[in-house]
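Letter by letter, the chains look like this.
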Amino acid sequence: MVTASEEYSFTSFSNLTFYTKVNERLLDLAEVGKQRKIVDLGCGTGGITKLILERLQSAKNTAIYAVDHSTTALKAAAEEIGDRKDVAINYVHSEVQNLTGSVKEKVDAIVYCNSIHYVPDKKELLGQIKNKLQPNGIFAFNTSFFEGSHPEDSLLFFRKWMMRSLRILKREHGMVPEKTAKVQSRVQLNADDYINLVEDAGFKVLVNDLNRVDVPHEGWHHISGFSDWIEGVMPGVPLDVGRRALQKGLAQTWDEMNLKTVPRVWLSVSAAKV
Ligand SMILES: C[S@@+](CC[C@H](N)C(=O)[O-])C[C@H]1O[C@@H](n2cnc3c(N)ncnc32)[C@H](O)[C@@H]1O
């Protein structure tokens, strides 16, 4: 039986060792774990929630709020994490933009992994994040969707992968992505834009880190099974068909280019409420 954590979710990607390391790095830089009350914004299927749980120094009086607008993702997170009697884990079904109303108390840290790029009005959200933090509270986020996340030496791979996948989609499935269905393109900010936004919202930036990460084949393979990715690169194409075309195109490109890994840059930022 396929559980909520499997079908087109982020789980298989989120559990990869390289991805765990990327997020461990953010949690290290932001010293997450010392705090008692932590929000995991855009928690998805709970990959980061689990990492936070491992770090809590004492379970006493601790609470985690895992916020996501996807009921499927929250269900998968609850399945992944299982019963925890020692820590209060609150699964909050909400748009992150409703943070003020959906999490009732002030918290010590807000962690936001690989999701900030989804939100169009980041300025407004950062205001809510700041208000939700205790004085000196920490806000930490990372993203690999920003202007500058694609190193030069990854561009040829992307071009070839997408061309092959689109060819497979056409030849084997008789389909082309719908131009009109294209997901409203997300404006990609650069690292400086992010830092300016965070500072303008009244935070003191503690860490501003650009980290080149070697993503293995399995990373690209599993991301090709994630609904948001498929919808982003093959708008209007049924998820099962998109996944098949992308994964087949990937395997061919990987062999042809004799690749071991393809790099991607992650931006990690940690900031304190001042
Ligand atoms: C790429 S996944 C990252 C999940 C998790 N943070 C991780 O790194 O494993 C992005 C998650 O953000 C959620 N999301 C996107 N936009 C959202 C919004 N406006 N409000 C709440 N959740 C959102 C999606 O449902 C998805 O679960």
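Residues numbered from 1 in each chain as written. Predicted model: local features only at pLDDT ≥ 70, side-chain atom pairs only at ≥ 80, totals over all residues. Heavy atoms only, no water.

Undergrad: What should I look at first to understand the confidence of the model for the chain in this one?
TA: Note that predicted coordinates carrying low pLDDT should not be read in detail. This prediction gives the chain a mean pLDDT of 93; 95% of its residues lie at or above 70. Counted against residues more than four places away or in other chains, residues 1-5, with its pLDDT under 50, gives twelve contacts. (pLDDT = per-residue confidence, 0-100. Contact = heavy atoms within 4.5 Å.)

Undergrad: Sorry, what's going on with the pairing of strand S1 (residues 37-41) here?
TA: Side-chain positions along a regular strand alternate between the two faces of the sheet. With respect to burial, S1 is a largely interior element, four of its five residues being buried. Where S1 lies against strand S2 (residues 63-68), five bridges are found, and the strand directions are parallel. The residue of S2 that forms the bridge with Lys 37 is Ala 63. Read from S1 through helix H3 (residues 47-55) to S2, the crossover connection turns out right-handed. Bridge count between S1 and strand S4 (residues 107-113): four bridges; the pairing is parallel. Directly across from Asp 40, in S4, lies its bridge partner Val 111. (Buried < 20%, exposed > 50% of the residue type's maximum accessible area, 1.4 Å probe, protein only. Helix = DSSP H or I, 4+ residues; strand = E, 2+ residues; numbered from the N terminus. Pairing = 2+ DSSP bridges. Right-handed = clockwise from strand over helix to strand, strands pointing away.)

Undergrad: What is the right way to look at the pattern of salt bridges in this model?
TA: When the charged atoms of two side chains lie near each other, side chains of opposite charge can form a pair. All chains considered together, the criterion is met by 13 salt bridges. Its salt-bridge partner being Lys 160, residue Glu 256 comes within 2.8 Å of it at the nearest N-O pair. In this pair, Glu 256 sits in helix H11 (residues 239-257) while Lys 160 sits in helix H7 (residues 155-173), placing the two residues 96 residues apart along the sequence. Classification of Glu 256 by relative accessible area gives partly exposed; the value is 40%. For Lys 160, a relative accessible area of 27% translates into the label partly exposed. When the shortest N-O distance is used, the salt bridge between Lys 248 and Glu 172 registers 2.8 Å. A residue pair is termed long-range when its members are at least 10 positions apart, and Lys 248 in helix H11 and Glu 172 in helix H7 qualify at 76 residues. Using a relative accessible area of 45% as the deciding quantity, one classes Glu 172 as partly exposed. Shared partners join several salt bridges into a network, and the residues in it are Glu 24, Asp 28 and Arg 55. (Salt bridge = Lys/Arg side-chain N within 4 Å of Asp/Glu carboxyl O.)

Undergrad: Looking at this structure, how should I read the nonpolar core?
TA: Among soluble globular proteins, nonpolar side chains are generally buried collectively. Phe 18, Ile 52, Val 111, Phe 157, Trp 161 and Trp 220 are the most contacted members of the largest nonpolar core, which totals 50 residues. When residues in this core are grouped by element, the largest group, six residues, is from H7. Beyond its immediate stretch of four places on either side in the chain, Trp 161 contacts Trp 220, Ser 224, Trp 229, Leu 246, Gly 249, Leu 250 and Thr 253. Counting residues in hydrophobic clusters, the runner-up holds 33 residues, among them Val 96, Ile 110, Leu 125 and Val 198. (Core = buried A, V, L, I, M, F, W, Y, C linked by side-chain atoms within 4.5 Å.)

Undergrad: Quick question: what am I supposed to make of the packing of aromatic side chains here?
TA: Each pair of aromatic rings is reported with the distance of its centres and the angle of its planes. Under the defined criterion, the tally for this structure stands at 20 aromatic pairs. Aromatic side chains Phe 10 and Phe 13 sit 5.2 Å apart centroid to centroid with 40° between the ring planes, which places their arrangement in the tilted category. When its relative accessible area of 17% is taken as the criterion, Phe 10 is described as buried. Classification of Phe 13 by relative accessible area gives buried; the value is 7%. Measuring from centroid to centroid gives 6.3 Å for Phe 18 and Tyr 19, while their planes differ by 70°, and the two rings are edge-to-face. Summarising the burial analysis for this pair, Phe 18 and Tyr 19 share the class buried. The rings of Phe 145, Phe 157, Phe 158, Trp 161, Trp 220, Trp 229 and Trp 254 are connected pair by pair, giving a single aromatic cluster. A cation over a ring is seen here: Arg 264 above Phe 145, with NZ or CZ 4.8 Å from the ring centre. (Phe/Tyr/Trp six-rings, centres within 6.5 Å; stacked < 30°, edge-to-face > 60°. Lys NZ or Arg CZ within 6 Å of the ring centre and 35° of its normal.)

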